[in-house]
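# Analysis of the macromolecular model
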Amino acid sequence: MSLDAEIQEVRKLYPEGTRSAVLPALRLAQERHGWLSREAIEEVAAALDLTPAYCFSVASFYDMFHLAPVGRHTVEVCTNVCCGLVNAQAVLEAFERELGVAPGETTEDGGVTLRAVECLGGCSTPTIVAVDHRYRQSVTPEDVPGIVEELRNDG
Amino acid sequence: MAETTVAVADGPALVLAGYEGKPLRSLDAYRAVGGYEQLERTRAMEPQDVIAKLIESNLRGRGGAFFPTGRKASFIPSPDKIARPIYITVNADESEPGTFKDREIMLIVPHRLIEGCLIAAHAIQSKRVYIYIRGEYVDEYESLRDALGQARKAGILGDVAIVLHRGAGAYICGEETALLESLEGKRGQPRSKPPFPAIEGLYASPTLINNVESITTIPAVFGVGAEEFAKIGAPPDSTGTRLFCLSGNVERPGVYEAPHGITVRHLIEEIGGGIAGGRELKAVMMGGSSFPVLTPNDLDTPLDANSLGQKGYFIGSGVVCAIDDRTCMVQFALRVGQFYMHESCGKCTPCRIGTRWLVQLLRAVENGTAKESDLDLVLDVCDRIIGKCLCVLGDSDAMIVASCVSKFRDEFRAHFEHGGCPFGHDSQLDELFAPVDQHSGHPVAPEVLA
């Protein structure tokens, strides 16, 4: 199914004449392209009869939309206070060492983007790390090399 | 990599009723514990009687504001009085630091949330429900999507449409009017109130907005009976149970369902097994990151809205995050401040500028370059944020930061007397990285203005 067709399906969930499909449409575009390039945003805009400027203004508000290329995998480490109280910084630093990048950066081979993120809502099993958007709970610095290897093996 | 501990700590089990360690994800599993029986019962009642029972139970909002759920429903005009559709939106955008209960509800008892939605829909005669679920919640979305599919297939939804709408990463969208803006496909910036959502909410139509836990408690109100429900917990104002979110430096963190009115001490020491490693408790992030921190001298305060309120605390979303004696409270305030600065939507000047200013001041305190008058300036900035914006995001930052300065002023002062952080690198929050300006391609201002 084309992106346009998928977006038209999503549109049916909302009353006609509303813009409610913008977020789901941007998500679909990002799932397809990896990030929201100018072309991807233009595609969304055309499917929804909106301007690219409007869609960009919405996309730029939300942290989960990537407006620049990201790696094939994402590692997102919660560094809010609850995880922070139980060693989140050490987990983040272990990823920095293992991947050789700082938070916000992507490894040279385009494999992994490392990010620190705000509270992911898993505060009783710190540190929470979302690997390709799936939560890993109670991650310790010792778990980090294994996770990174897993991602490298996956290409 | 451990799973979250979810348990009923001090009966009765209401939200988690029937849960014995195995999630009730299938329709059969939920039906085996009496699932959807209350829906059938309430559908046989007149809508206004359902609302009357909710009012009698005095169930109040579990998202943070503690507004009476039944009364909120009673504000919705009946369909014969208005020519517009009536909507329900469920706030599943759980993002308050320290809160992780709605997630477990969606994973463990997704059908109970759906049952609650359908009872609420009957009560206000709505045919359209939108569940706004946090974008980062993938497993939770799938659990709810599957449960919804089963319920739809079994004909349980009747003529009610329930749509799952996924967010995309913005704390502010947990604020009800920002949520509506986001659901309408816009930037999630709060609206000016009035009009209130009950009159002009989603698509300018009457809209009932409730938190996941509030909605999921509704079947229990009818299961035990409104009169009985009103006796559970700390009546008359804090009825029923809560899913307390216990985290931080405790031995046994987890989601614990317990009645309103158990003490903070009981939750931390008995249920949670005390402070990890036998250390001393220094403070509690109470209710969420949006409220004043609780100090150990108030540990015997019952966890109900009135008892907490008398001491200047809030029950919020049921957060109890224990902070041990290694922690530098300046670092704590700074990290919380960075969160609010990052999440401020930028619409109101006191919040947009104030949250940033607080971070700069707290950074100076932490580095040892501040002076006594800067602490007064922090409190002054807080005072100039509170009550001056469209929503309470800035107020939240100001409340917790001001409480840290007021209650731990000596510790703040020690920083400039010592020429830097007296904790050295021993505090767990030392140099904790905050995702302030690392988002790829996003136009975000840096923490410190040039």
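Please read these numbers as outputs of a predicted model, since none were measured by experiment.

## Thoughts on the overall build of chain B
If you tally the helices and strands in chain B, you get 17 helices and eleven strands. Taken over the C-alpha trace, chain B has a radius of gyration of 22 Å; the compact-globule value for 450 residues is 22 Å, and the two agree within 12%. Counting every position in chain B, which comprises 450 residues, the buried fraction comes to 63%. Of the contacts made within chain B by residues no fewer than 6 positions apart, 73% connect residues no fewer than 24 positions apart. If you sum the accessible surface of chain B, you get close to 15,900 Å²; carbon and sulfur atoms cover 51% of it. Each charge sign in chain B was given a centre, from 45 positive and 58 negative side chains, and these centres are 6 Å apart.

## What to know about the nonpolar core
By size, the foremost hydrophobic cluster in this structure holds 168 residues, and its most contacted members are Tyr 62 of chain A together with Ile 162, Phe 332 and Phe 412 of chain B. In this structure Phe 332 of chain B touches Val 81 of chain A together with Met 285, Val 293, Ile 323, Ile 400, Cys 404 and Leu 429 of chain B, once residues within four positions along its chain are discounted. If you look at the next biggest cluster of nonpolar residues, it comprises 24 residues, including Leu 246, Val 250, Val 264 and Leu 299 of chain B.

## Some words on helix α2 (residues 22–33) of chain A
The terminal C-alpha atoms of α2 of chain A, which comprises twelve residues, lie 16 Å apart, in line with the 16 Å expected from a rise of 1.5 Å per residue. With respect to burial, α2 of chain A is a largely interior element, nine of its twelve residues being buried. Regarding α2 of chain A, the residues found buried are Val 22, Leu 23, Pro 24, Ala 25, Leu 26, Arg 27, Leu 28, Ala 29 and Gln 30 of chain A. On its buried face, α2 of chain A sits against α1 (3–11), α3 (38–48) and α4 (52–59) of chain A together with β3 (128–133), β4 (161–166) and α8 (176–183) of chain B.

## What to know about the pattern of salt bridges
Residue and element names in this part refer to chain B. Here the structure, examined in full by the defined rule, presents 36 salt bridges over all chains. Put simply, Glu 411 and Lys 282 hold a salt bridge, and the shortest N to O gap is 2.7 Å. With a gap of 129 residues between them, Glu 411 in helix α17 (residues 409–418) and Lys 282 in strand β10 (residues 281–286) connect regions that are remote in the sequence. For the residue pair Glu 411 and Lys 282, the accessibility class agrees, reading buried in each case. Among the charged side chains, a salt-bridge network with shared partners connects Glu 372, Asp 376, Arg 409, Asp 410 and Arg 413.

## Focus: the environment of Glu 46 of chain B
Residues and elements named next belong to chain B. Note that Glu 46 resides in the loop between α2 (37–43) and α3 (47–57). The class for Glu 46 is partly exposed, based on a relative accessible area of 47%. Each C-alpha atom of the pair Glu 46 and His 122 lies 8.7 Å from the other, and the pair is 76 residues apart in sequence.

## Digging into the packing of α2 of chain A against α4 of chain A
Residues and elements named next belong to chain A. Across the interface, α2 lies against α4 with an axial gap of 11 Å and an inter-helix angle of 85 degrees. With respect to their mutual orientation, α2 and α4 come out roughly perpendicular. For the pair formed by α2 and α4, the contact residues are Val 22, Leu 23 and Leu 26 on the first element and Tyr 54, Cys 55, Val 58 and Ala 59 on the second. Its residues assigned to classes, the contact of α2 with α4 shows seven nonpolar, no polar and no charged.

## Let's talk about the sheet that holds strand β8 (residues 241–248) of chain B
Residue and element names in this part refer to chain B. Ordered in space as β1-β9-β8-β11-β10, the five strands form an open sheet in which the pairing is mixed. This sheet does not close on itself; its edge strands, each paired only once, are β1 (6–8) and β10. Ignoring strand direction, the axes of neighbouring strands in this sheet form an average angle of 25 degrees. Examined bridge by bridge, β10 and strand β11 (residues 319–324) share five bridges and lie antiparallel to one another. Looking at β11, one finds that Leu 281 is bridged to Asp 324. Against the sheet, helix α5 (residues 101–108) makes contact with β1, β8 and β9 (254–259), and its axis sits at roughly 115 degrees relative to β8, the strand it touches most. Together, β8, β9, β10 and β11 form the strand contacts of helix α11 (residues 264–271), whose direction differs from that of β11 by roughly 65 degrees.

## Some details on the packing of aromatic side chains
Summed over all chains, the structure comprises twelve aromatic pairs over all chains. Both rings, one in Tyr 62 of chain A and one in Phe 65 of chain A, keep their centres 6.2 Å apart while their planes meet at 80 degrees; by these two values the pair is edge-to-face. Across the pair, Phe 65 of chain A and Tyr 62 of chain A agree in class, each one buried. Consider the rings of Tyr 171 of chain B and Tyr 340 of chain B, whose centres lie 5.9 Å apart with planes at 80 degrees: the pair is edge-to-face. Taken together, the residues span a long stretch of sequence, with Tyr 171 of chain B in the loop between β4 and α8 and Tyr 340 of chain B in helix α13 (residues 329–343) at a distance of 169 residues. Each of the two residues, Tyr 171 of chain B as well as Tyr 340 of chain B, counts as buried. Taken together, the ring pairs in this structure connect Tyr 14 of chain A together with Tyr 87, Tyr 130 and Tyr 203 of chain B into an aromatic cluster. A cation over a ring is seen here: Arg 19 of chain A above Tyr 54 of chain A, with NZ or CZ 4.2 Å from the ring centre. Between Arg 166 of chain B and the ring centre of Tyr 141 of chain B, over which it is positioned, the NZ or CZ distance is 3.8 Å.

## Regarding the interface of chain A and chain B
In this assembly, 56 residues from chain A lie in contact with 74 residues from chain B. In total, about 5,100 Å² of surface goes out of reach between chain A and chain B, with carbon and sulfur atoms giving 55% of it. When the area that chain A buries against chain B is broken down by residue, the three leading residues are Phe 61, Leu 85 and Glu 118 of chain A, summing to 14%. Across the chain A-chain B interface, the total number found is three salt bridges. The interface formed by chain A and chain B includes 26 residue pairs in polar contact (both at pLDDT 80 or more). Of all the secondary structure elements, the ones that give two or more residues to the side of chain A that touches chain B are α2, α4, α5 (81–84), α6 (88–99), β2 (112–117) and β4 (134–136) of chain A.

## So, the sheet that holds β4 of chain A
All names here are of chain A. In spatial order, the strands read β2-β1-β3-β4; together these four strands make up an open sheet with mixed pairing. Both edges of this open sheet fall to β2 and β4, since each of them pairs with a single strand only. For this sheet, the mean inter-axis angle between neighbouring strands, taken without regard to orientation, is 25 degrees. By the bridge criterion, three bridges tie strand β1 (residues 73–78) to strand β3 (residues 129–131) in an arrangement that is antiparallel.

## Concerning the pairing of strand β2 (residues 87–92) of chain B
Residues and elements named next belong to chain B. Counting buried residues in β2 gives six out of six residues, a clear majority hidden from the surface. Across the two faces of β2 the burial is the same, with Tyr 87, Thr 89 and Asn 91 and Ile 88, Val 90 and Ala 92 all buried. Relative to strand β5 (residues 207–211), β2 runs parallel, the two sharing five bridges. Counterpart to Tyr 87 in the pairing with β5 is Thr 207.

Calculation rules
Residues numbered from 1 in each chain as written. Chains lettered and ligands numbered in written order. Predicted model: local features only at pLDDT ≥ 70, side-chain atom pairs only at ≥ 80, totals over all residues. Heavy atoms only, no water. Helix = DSSP H or I, 4+ residues; strand = E, 2+ residues; numbered from the N terminus. Rg over C-alpha atoms; globule rule 2.2 N^0.38 Å. Buried < 20%, exposed > 50% of the residue type's maximum accessible area, 1.4 Å probe, protein only. Contact = heavy atoms within 4.5 Å. Areas by Shrake-Rupley, 256 points an atom, 1.4 Å probe, with all protein chains shown as cover. Lys, Arg positive; Asp, Glu negative; His and termini not counted. Charge placed at Lys NZ, Arg CZ, Asp CG, Glu CD. Core = buried A, V, L, I, M, F, W, Y, C linked by side-chain atoms within 4.5 Å. Expected span 1.5 Å × (residues − 1). Salt bridge = Lys/Arg side-chain N within 4 Å of Asp/Glu carboxyl O. Axes fitted to C-alpha atoms, helices over the stretch in contact; angles between N-to-C directions. Parallel < 35°, antiparallel > 145°, perpendicular 65-115°, else oblique. Nonpolar A, V, L, I, M, F, W, Y, C, P; charged D, E, K, R; others polar. Pairing = 2+ DSSP bridges. Phe/Tyr/Trp six-rings, centres within 6.5 Å; stacked < 30°, edge-to-face > 60°. Lys NZ or Arg CZ within 6 Å of the ring centre and 35° of its normal. Buried area = accessible area lost by both parts, 1.4 Å probe. Polar contact = N/O pair within 3.5 Å; in protein donor to acceptor, adjacent residues only side chain to side chain.

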